[in-house]
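Each chain, written out:
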Amino acid sequence: MKEDLRNKRGFVWKDQWYPNGGGGHERNAMDIISNNRRCCPSEDWNWDEGSAQDYLVLKKRAIQLGNGTRAMCIIVAGRYYSPGQMEKFKYRYNLEGYDVIFIW
């Protein structure tokens, strides 16, 4: 059975869903970083510039669902994911029809 993330906003990271709360993607990303920095201190958590959501996508390989103006988009780092991988991801999470935006 497919997992349904259609019309939801947040991050998929390490096969776990992190839904946005009231603070949007940036607040959610800061919470993910803060929580994982405590539980995995040996991992590199040096986030010192840019937005927290960009850090998660570009450095930690998270997949972002939606953004401030578009609910039906997926934002990923082009250096980690291929179009083929994203087609499988869209199928797995019932996201057919979503636009994939590759950032570098």
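See the structure above.
### What about the sheet that holds strand β2 (residues 16–19)?
Thought 1: In spatial order, the strands read β2-β1-β3-β4-β5; together these five strands make up an open sheet with mixed pairing. The strands lining the two open edges of the sheet, one partner per strand, are β2 and β5 (99–103). Direction aside, the axes of adjacent strands within the sheet are offset by 20 degrees on average.
Thought 2: As judged from the two bridges shared by strand β3 (residues 63–65) and strand β4 (residues 73–77), these two strands associate in the antiparallel manner. The residue of β4 that forms the bridge with Leu65 is Ile74.
Thought 3: Helix α1 (residues 24–39) rests against β1 (10–13), β2 and β3 of the sheet, and its axis sits at about 35 degrees to β1.

### A look at the nonpolar core
Thought 1: In this structure, Phe11, Trp13, Ile32, Ile33 and Leu56 are the most contacted members of the largest nonpolar core, which totals 16 residues.
Thought 2: Of all the elements in the fold, those that place two or more residues in this core are β1, α1, α2 (52–58) and β4.
Thought 3: Ranked by residues supplied to this core, first place goes to α2 with five residues.
Thought 4: Those residues within four positions of Ile33 in sequence are excluded, and the remaining contacts are Trp45, Trp47, Ala52, Tyr55 and Leu56.
Thought 5: With eleven residues, the next largest nonpolar core counts Val12, Val76, Leu95 and Tyr98 among its residues.

### Re the pattern of salt bridges
Thought 1: Applying the stated rule across the entire model yields seven salt bridges.
Thought 2: Between Asp15 and Arg92 there is a salt bridge, and its shortest N-O distance comes to 3.4 Å. Of this pair, Asp15 sits in the loop between β1 and β2 while Arg92 is found in helix α3 (residues 83–92), placing the two residues 77 residues apart along the sequence.
Thought 3: The exposure class of Asp15 is exposed, given its relative accessible area of 61%.
Thought 4: For Asp31, the salt bridge identified is with Arg27, shortest N-O distance 2.9 Å. Taken together, the positions of Asp31 and Arg27, both in helix α1 and four residues apart, correspond to about one turn of that helix.
Thought 5: Take Asp31: its relative accessible area is 32%, and that puts it in the partly exposed class.

Procedures and definitions
- Residues numbered from 1 in each chain as written.
- Predicted model: local features only at pLDDT ≥ 70, side-chain atom pairs only at ≥ 80, totals over all residues.
- Heavy atoms only, no water.
- Pairing = 2+ DSSP bridges.
- Helix = DSSP H or I, 4+ residues; strand = E, 2+ residues; numbered from the N terminus.
- Axes fitted to C-alpha atoms, helices over the stretch in contact; angles between N-to-C directions.
- Contact = heavy atoms within 4.5 Å.
- Core = buried A, V, L, I, M, F, W, Y, C linked by side-chain atoms within 4.5 Å.
- Buried < 20%, exposed > 50% of the residue type's maximum accessible area, 1.4 Å probe, protein only.
- Salt bridge = Lys/Arg side-chain N within 4 Å of Asp/Glu carboxyl O.

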